Amino acid sequence: FSILLKMNSPIIRYSQLVMPQDANVLGTLFGGQMVSWMDISASKAVHRFLKDTNADAALTRAIDAIEFKEPVHVGNWVNFEAKIISTGRSSIHIQIDAYKETKELDKLLACTARFTFVSVKKLQDGTYEKVDHLKAVRNSILLTSNNLVEWLQSEVVHSPDSVSAVGKKIPA
């Protein structure tokens, strides 16, 4: 079963200046470069999240959604805001918003995406394996048996495969 926990995480910021080598033939930011920068931004948020966990790192598992909203030109800044929106046992779901900044504009949403990362641990032979990071449970208040179900119902994101630790579906 999978448990997706809602997160109240900080917004992690990262910025890039669009240079000529980042542009396509139209003089706007190449989409692949935007995706790469969004991945770095998400990685920074995940890196901070994994402190004090049993995971060594996390890898990009999927780009769940991405939407390019506005062109970004050479000379513009792109300011990224990444926020962990939910976690599973080893998965971490991140929302990344990329804002264009120009001399005339302070903040215009240029691209938005959702990424999924998976926590991994390095083995003695140099390979990596998926690992439970258990961050959300470790950072929660110790629960008594009386308030465990109430806590799960308030913390679990309602999705078709989300179930509580007691094995029952949580009503949406």
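Computed from a predicted model, the values in this text were never measured in an experiment. (Residues numbered from 1 in each chain as written. Predicted model: local features only at pLDDT ≥ 70, side-chain atom pairs only at ≥ 80, totals over all residues. Heavy atoms only, no water.)

Let's shift gears to a nonpolar patch on the surface. A surface patch of nonpolar side chains, amounting to about 260 Å² of accessible area, comprises I63, I66 and F68. The residue I63 is located in strand 3 (residues 57-68) in this model. (Patch = residues over 30% accessible without salt bridge, like charges linked within 9 Å, V, L, I, M, F, W, Y side chains within 5 Å. Areas by Shrake-Rupley, 256 points an atom, 1.4 Å probe, with all protein chains shown as cover. Salt bridge = Lys/Arg side-chain N within 4 Å of Asp/Glu carboxyl O. Helix = DSSP H or I, 4+ residues; strand = E, 2+ residues; numbered from the N terminus.)

Applying the stated criterion across every chain, the model contains two aromatic pairs. Relative to F80, the ring of Y14 lies with its centre 5.6 Å away and its plane at 35°, an arrangement referred to as tilted. Of the two residues, Y14 sits in strand 2 (residues 12-17) while F80 sits in strand 4 (residues 77-87), which places them 66 residues apart along the sequence. Residue Y14 is classed as buried on the basis of its relative accessible area of 17%. On the basis of relative accessibility, which here comes to 1%, the residue F80 falls in the buried class. Grouping aromatic residues by their ring pairs yields a cluster made of Y14, W37 and F80. Looking at K107, its charged tip hangs above the ring of Y99, at a distance of 4.5 Å from the centre. (Phe/Tyr/Trp six-rings, centres within 6.5 Å; stacked < 30°, edge-to-face > 60°. Buried < 20%, exposed > 50% of the residue type's maximum accessible area, 1.4 Å probe, protein only. Lys NZ or Arg CZ within 6 Å of the ring centre and 35° of its normal.)

Scope: geometric values only; no functional claims are made or implied.
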